[in-house]
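Coordinate analysis (summary)
Residue strings, one per chain:
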Amino acid sequence: MAGNWKMYKTQAETRAFFSAFLPLVSDATNCDIVVAPPFTSIAAAVEAAKGSNVAISAQNNHWQRDGAYTGEISVGMLAEAGCRYVIVGHSERRQYSNETDDIVAQKSRAVLSAGLTPIVCLGESFTERETNRTEEVLAQQFIGGPGALTGEEFSRILLAYEPVWAIGTGRTATPEIAAAAHRFLRRCVQDQFSAEASASVRILYGGSVKPDNIQGLMAQPELDGALVGGASLDPKSFVTIVKAA
Ligand code: PGA
């Protein structure tokens, strides 16, 4: 269960979140819990979560180890800061920062090279779904992105199916729509890698996951967890979501 804070929470707000959140999830041992603060709050989050069952993620990384890339952050820096995961290829980065499938593959390789776990996002837009192109788009994003990794690399990543029309809109995919997309992605994994890879890869669902819809989503055996935006900002609502795992 992963929370993506996007461009929210200062360091002080991060400390306040963890003070409230950690005691409420200390007994949640049935799932991995991940929180992805913005870069400037990562150190505060790592410090606050030290010794707990919550791991810290970054929301983005550069694909090079280092170099003249003003404003960018490398995976080595994230690893040193204490991150264990990085969200790669979020639709907001694809949309606003022109991230392509190839960049998603390169960033994922960089994350793996630092020993961290990429959470690789993919998902169709509203128009793509309305015009029956969902599977075509998912297959294309898969093949050019996580599908371009080696089998060994792929065995160390997480996938997140995030239909763009459901992100931040309050329009969650129905559990059935989410499950069908997850099944399709598992077929892509099987075609590209193996039946074993398809069975073992963990696929999170993301897009307006809330305390009142998480149980229906998690009742689908195809869903292995959730990537939560807005509802992960409030400790109580994120706790309710984590406990539904
Ligand atoms: P949301 O965001 O839960 O606010 O829809 C999900 C995400 O973008 O990961």
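Located above this text is the structure these notes cover.
Computed from a prediction, not measured in an experiment: that's the story for all the values here.

As for the overall build of the protein chain
Helix and strand counts for the protein chain come out as 12 helices and 8 strands. At 17 Å, the protein chain has a C-alpha radius of gyration in line with the 18 Å of a compact globule built from 245 residues. Projecting the C-alpha coordinates of the protein chain onto the three principal axes gives extents of approximately 45 × 45 × 35 Å. Expressed as a percentage of its 245 residues, the buried residues of the protein chain come to 51%. Residue pairs at least 24 apart in sequence account for 69% of intrachain contacts in the protein chain once pairs closer than 6 positions are excluded. When the accessible surface of the protein chain is totalled, it reaches about 11000 Å², and 50% of it is carbon and sulfur. Seen as two clouds, the 21 positive and the 26 negative side-chain charges of the protein chain have centres 4 Å apart.

Details of the sheet that holds strand β1 (residues 2–4)
The strand order around the closed barrel built from 8 strands is β1-β2-β3-β4-β5-β6-β7-β8, with neighbouring strands paired in parallel fashion. Strand-to-strand, the axes of this sheet are offset by a mean angle of 25 degrees, without reference to chain direction. Pairing of strand β2 (residues 33–36) with strand β3 (residues 54–58), which is carried by 3 bridges, proceeds in the parallel orientation. Pairing of I33 across the sheet is with V54, part of β3.

With respect to the layout of surface pockets
In this structure, the largest pocket occupies an estimated 390 Å³ of space. If you go around the largest pocket, you meet 15 residues; those closest to its centre are K6, M7, Q59, E92 and R93. Here the lining of the largest pocket gets 3 residues from one element, more than from any other, and that element is helix α4 (residues 91–96). Taken together, the residues that form the lining of the largest pocket break down as 8 nonpolar, 4 polar and 3 charged.

About the cut-offs
- Residues numbered from 1 in each chain as written.
- Predicted model: local features only at pLDDT ≥ 70, side-chain atom pairs only at ≥ 80, totals over all residues.
- Heavy atoms only, no water.
- Helix = DSSP H or I, 4+ residues; strand = E, 2+ residues; numbered from the N terminus.
- Rg over C-alpha atoms; globule rule 2.2 N^0.38 Å.
- Buried < 20%, exposed > 50% of the residue type's maximum accessible area, 1.4 Å probe, protein only.
- Contact = heavy atoms within 4.5 Å.
- Areas by Shrake-Rupley, 256 points an atom, 1.4 Å probe, with all protein chains shown as cover.
- Lys, Arg positive; Asp, Glu negative; His and termini not counted.
- Charge placed at Lys NZ, Arg CZ, Asp CG, Glu CD.
- Pairing = 2+ DSSP bridges.
- Axes fitted to C-alpha atoms, helices over the stretch in contact; angles between N-to-C directions.
- 1 Å grid on protein atoms, 1.4 Å probe; cavity = no way out; pocket = protein on both sides within 12 Å on 5 of 7 lines; lining within 4 Å.
- Points joined across faces, edges and corners; volume = space filled by probe spheres on them.
- Nonpolar A, V, L, I, M, F, W, Y, C, P; charged D, E, K, R; others polar.

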